[in-house]
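Each chain is listed here by its residues.
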Amino acid sequence: MEDVFIVRGGKPLKGEVQLSGAKNVALKVAIAALLFKEPVAFENIPAIKDVEELLHLMRSLGVATTFEHNKLTIDPSTLVHHHVDLLHGSKTRVSFLLFAPLLHKFGKSVIPNPGGCRIGARPIDRHIQMLESFGVEVKYDSNTGYYSATKADKLKAATFTFEKPTHTGTELAIMLAVLAQGVSIIKNAALEPEVDDLISFLNQAGARIVRNGSEITIEGVTRLVPSVNSYAIMYDQNEAVTYGVFALATRGDITVHGVKRGDITAFVDKVLEAGGGFEDLGESLRFFYEKPLTAVDIQTAVYPGFKTDWQSPWAVLMTQAQGTSIIHETVFEDRFGYVAELEKLGCRFEFFSPDSTFSRTSYQFNVPAHFDTKRQAIKIHGPSKLHNGVMQVRDLRAGATVLIAACTAQGESIINGASIIDRGYEHIEVKLQHVGADIARL
Ligand code: EPU
């Protein structure tokens, strides 16, 4: 395999897309299944590379899994190792979430520094502070790159406030607290709907977790019991936004099944502001080209704001809009890697220092003393007529972004690194062919 997509763009994409299960839920519930004693079954798990890598990692710990037709079964009783090796651990960003089940089962765990998408330094200092508040001792060996975590006896509940919210940090806290002794309170917790799907799954199995805005209260239980029915995870809202942009950027018309307007309000509001065609069909949303788009600014934020995962597709859309728009990225410090790739197709960008009234402490990442805000914001000058090119995929969302650009551009484009897109998008070329795209995998 060449690991390449070849796209002949310039055609409006029209038709229907059924969303897959959410990547950022599938990975977490699969890990949470290791908190149980009996086999746990799930439905709607996407057949994507990130899930494949995680299951590979789990099997290296002895865990028996079956995964077929989007149904996943995990038998936690087969978990026998507490040491995640570098080969498997570095391939999946969420490997550090294994701290919770490994600590519950073995009282110790050894996990390498996490891998994953290249969108910033992505430290886990907040996770470590939170683990310590539960009485876990965490040591990092900079020679080997491994974290080792140990606890003296049964985990005790804790009250912990995240200085800045973290999505996976909140999920790790929930997985620790759910089987800890006593009542834990997590403050300034992440608000992402994916966190709530994890909570629903655990509550269905007897957990006692209550969210009150950004505060989550978890009353520890002694055992989680899988429900007789398998748990069907939510659909992928990031995928919904991606296909919405495919429709609008190519001047097409796509109905996306499996998403409600309220799930992606911040995105829909911006589409309407830009003059994009939109129809709310209840459990499906239709995005269509109606008239020339106008430039609209965005500033990414934690949910329910305009999510960081949506900004790179949005950038392609704005290359097709009249006027100059701005994207200010506030969640990750290195999420404009796609800019150089899109410039190859004739997109016009300019990095600049965003509004000085925006406080550096408002960035979600840890801001170093000497930090150049110039890399956090871009101006997009539109509209641009895009031509074909050869592009490289840098990270998952950037991959979907160059694919949108290739479908929008006239002529034949080559996209190197197709498998990076497979990390988070199930059967993307099949779904795109279904709406009329001329795309092939080599
Ligand atoms: N951060 C720290 N220290 C920490 C934790 C986070 O500095 O201990 C920083 C991060 O580097 C980042 C910011 O805080 O700059 C927010 O990070 P968060 O922890 O919320 O992100 P995450 O849990 O690593 C998840 C998703 C991301 C999504 C973000 C925001 C998963 C596996 N990943 O990442 O998804 O963008 O939350 O919602 O759930 C994607 O799907 O493409 C993706 C990157």
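Only a predicted model underlies this, so the values are computations on that prediction, with no experimental measurement involved. Every chain is numbered on its own, with residues counted from 1 as its sequence reads. Predicted model: local features are reported for residues with pLDDT of at least 70 only, side-chain atom pairs are reported and counted for 80 or more only, and whole-chain, interface and lining totals are derived from all residues. By convention in this description, side-chain values take in all heavy atoms of the structure and omit both hydrogens and water.

### As for the packing of aromatic side chains
A pair of Phe, Tyr and Trp rings is counted when the ring centres sit within 6.5 Å of each other, with Trp represented by its six-membered ring. The angle between the planes then sorts it: under 30 degrees is stacked, over 60 is edge-to-face, the rest tilted. Under the counting rule described, the total for this entry stands at 20 aromatic pairs. Taking 6.5 Å as the distance between ring centres and 80° as the angle between the ring planes, the aromatic pair formed by Tyr-338 and Phe-349 counts as edge-to-face. On the criterion of sequence distance, the pair formed by Tyr-338 in the loop between strand S18 (323-328) and helix H11 (339-343) and Phe-349 in strand S19 (residues 348-352) is long-range, its members being 11 residues apart. Type-normalised accessible area, obtained with a 1.4 Å probe on protein chains alone, sets the label of each residue: buried when under 20%, exposed when over 50%, and partly exposed for intermediate values. Accessibility expressed as a relative area gives 1% for Tyr-338, which makes it buried. Take Phe-349: its relative accessible area is 12%, and that puts it in the buried class. An aromatic cluster is built from Phe-267, Phe-278, Phe-287, Phe-306, Trp-310 and Trp-314, whose rings are joined through pairwise contacts. The rule is short: NZ of Lys or CZ of Arg within 6 Å of the ring centre and within 35 degrees of the ring normal puts a charge over the ring. Over the ring of Phe-288 we find Arg-286, and its NZ or CZ is 3.9 Å from the ring centre. Stacked on the ring of Phe-352, the Lys or Arg Lys-379 has its end atom at 4.9 Å from the ring centre. The way it works is that DSSP assigns letters per residue, a run of H or I at least four long becomes a helix, a run of E at least two long becomes a strand, and they are numbered from the N terminus.

### Notes on the pairing of strand S7 (residues 137-141)
DSSP-based pairing: two strands are paired if at least 2 bridges between them are found. In this structure, S7 lies alongside strand S8 (residues 146-150), joined through five bridges in antiparallel fashion. Of the residues in S8, the one forming a bridge with Asp-141 is Tyr-146. Hairpin geometry of S7 and S8 is characterised by an intervening segment of four residues between the two adjacent antiparallel strands and by a positive phi of about 80° at Gly-145.

### Description of the sheet that holds strand S22 (residues 411-416)
With respect to topology, four strands assemble into an open sheet ordered S21-S22-S1-S23, the strand pairing being mixed. The outermost strands of the open sheet, each flanked by one partner alone, are strand S21 (390-392) and strand S23 (438-441). With direction set aside, neighbouring strand axes in the sheet form an average angle of 20°. Here S21 runs beside S22; their pairing, made up of three bridges, is parallel. For helices, the axis comes from a line fit to the C-alpha atoms of the stretch in contact; other axes are also lines fit to C-alpha atoms, and the angle between any two N-to-C directions lies between 0 and 180 degrees.

### Remarks on the packing of helix H4 (residues 99-106) against helix H6 (residues 167-177)
Closest axis-to-axis distance for the H4/H6 pair is 8 Å, and the angle between their directions is 20°. It follows from the interaxial angle that H4 and H6 lie roughly parallel. Between H4 and H6 lies a crossing of right-handed hand. Facing H4, whose interface residues are Phe-99, Ala-100, Leu-103 and His-104, H6 presents Leu-172, Met-175 and Leu-176. An angle below 35 degrees is read as roughly parallel, one above 145 as roughly antiparallel, one from 65 to 115 as roughly perpendicular, and any other as oblique. Take the far helix as the reference: if the near one is turned anticlockwise from it by less than a right angle, the crossing is left-handed, and if turned clockwise, right-handed. By definition, residues are in contact when any of their heavy atoms lie within 4.5 Å.

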